[in-house]
Amino acid sequence: MKTYNYADTLQLDLYSIPSNDMVLKPTVVLMHGGGFTAGQRNGGDEKGLSTYLATKGFNVASINYRLSRKGIGFLERGNLLAAIAQLL
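Observations regarding the overall build of the protein chain
Next, step 1: Along the backbone of the protein chain there are 2 helices and 4 strands.
Next, step 2: The order of helices and strands in the protein chain, counted from the N terminus, is β-β-β-α-β-α.
Next, step 3: By the burial criterion, 27% of the 88 residues in the protein chain qualify as buried.
Next, step 4: Sequence-distant contacts in the protein chain: of pairs separated by 6 or more residues, those separated by 24 or more amount to 69%.
Next, step 5: Carbon together with sulfur atoms contributes 55% to the accessible area of the protein chain, which is approximately 5800 Å² in total.
Next, step 6: Computed over 9 positive and 6 negative side-chain charges, the inter-centroid distance for the protein chain is 3 Å.

Thoughts on the environment of Y15
Next, step 1: Note on placement: Y15 falls in strand β2 (residues 10-15).
Next, step 2: Separated by 24 residues in sequence, Y15 and G39 place their C-alpha atoms 19 Å apart.
Next, step 3: Leaving out residues up to four positions away in the same chain, Y15 has contacts with M1, K47, S50, T51, A54, F58, N59, V60 and S62.

Here we look at the environment of L81
Next, step 1: Structurally, L81 can be placed in helix α2 (residues 77-87).
Next, step 2: Considered as a pair, L81 and A7 are 74 residues apart in the sequence and their alpha carbons are 9.5 Å apart.

Topic: a nonpolar patch on the surface
Next, step 1: Together, V29, M31, L81, I84, L87 and L88 make up an exposed nonpolar region whose accessible area comes to about 530 Å².
Next, step 2: Within the residue set of the nonpolar patch, elements represented by two or more residues are β3 (27-31) and α2.
Next, step 3: A total of 3 residues in the nonpolar patch trace back to one element, the largest contributor, which is α2.
Next, step 4: Mapped onto the elements, I84 comes out in helix α2.

Observations regarding the pattern of salt bridges
Next, step 1: All told, the structure shown has 2 salt bridges when counted by the stated rule.
Next, step 2: In this structure, the salt-bridge partner of R66 is D8, at a minimum N-O distance of 3.5 Å. Of this pair, R66 sits in the loop between β4 (59-63) and α2 while D8 sits in the loop between β1 (2-6) and β2; the two residues are 58 residues apart in sequence, bridging distant segments of the chain.
Next, step 3: By relative accessible area, R66 is classed as partly exposed at 34%.
Next, step 4: Judged by its relative accessible area of 70%, D8 falls in the exposed class.
Next, step 5: Taking the shortest distance from any N to any O, the salt bridge between R41 and D13 comes out at 3.0 Å. Taken as a pair, R41 in the loop between β3 and α1 (44-55) and D13 in strand β2 lie far apart in primary sequence, 28 residues in all. Each member of the pair R41 and D13 is classed as buried.

Conventions adopted
- Position labels on residues start from 1 in each chain and follow its written sequence.
- Whole-chain, interface and lining totals are the exception, using all residues; otherwise, since this is a predicted model, local features are given only for residues with pLDDT of at least 70 and side-chain atom pairs are given and counted only at 80 or more.
- Only hydrogens and water are set aside when side-chain values are computed; all heavy atoms of the structure are taken into account.
- Runs of H or I in DSSP of at least four residues are treated as helices and runs of E of at least two as strands, each being numbered from the N terminus.
- Each residue is assigned to one of three classes by its accessible area relative to the maximum for its type, calculated with a 1.4 Å probe on protein chains only: buried under 20%, partly exposed between the two thresholds, exposed over 50%.
- A contact between two residues is defined here by any heavy atoms of the two lying within 4.5 Å.
- Residue burial considers only the protein chains on display, and all accessible areas are found by Shrake-Rupley using a 1.4 Å probe.
- Charge assignment: positive for Lys and Arg, negative for Asp and Glu; neither His nor the chain ends contribute.
- A single reference atom marks each charge: NZ on Lys, CZ on Arg, CG on Asp, CD on Glu.
- Every patch collects residues that have over 30% relative accessible area and no salt bridge, joining them within 9 Å if they carry like charges and within 5 Å if they are nonpolar side chains (Val, Leu, Ile, Met, Phe, Trp, Tyr).
- Basic side-chain nitrogens of Lys or Arg form a salt bridge, by our definition, when they fall within 4 Å of a carboxyl oxygen of Asp or Glu.

Okay, structure coming up:
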């Protein structure tokens, strides 16, 4: 697992099993739960799922995003797009 910074102070953890193959692997972008008011990319459930998927051949980017104090229930689109841009 390696941590990258993106969009100022946000971070993503990239899980991948090293391989000598030159084969591209599918990538899963994991956004934590918490009703947009709580949670983090490296919680126990997120780590477990990310590690499991990596052992099955996926790259997994577990991301943080800006939380809302009001819990209005939408993800700031820019955070997700910035995380994906970091992966490219």
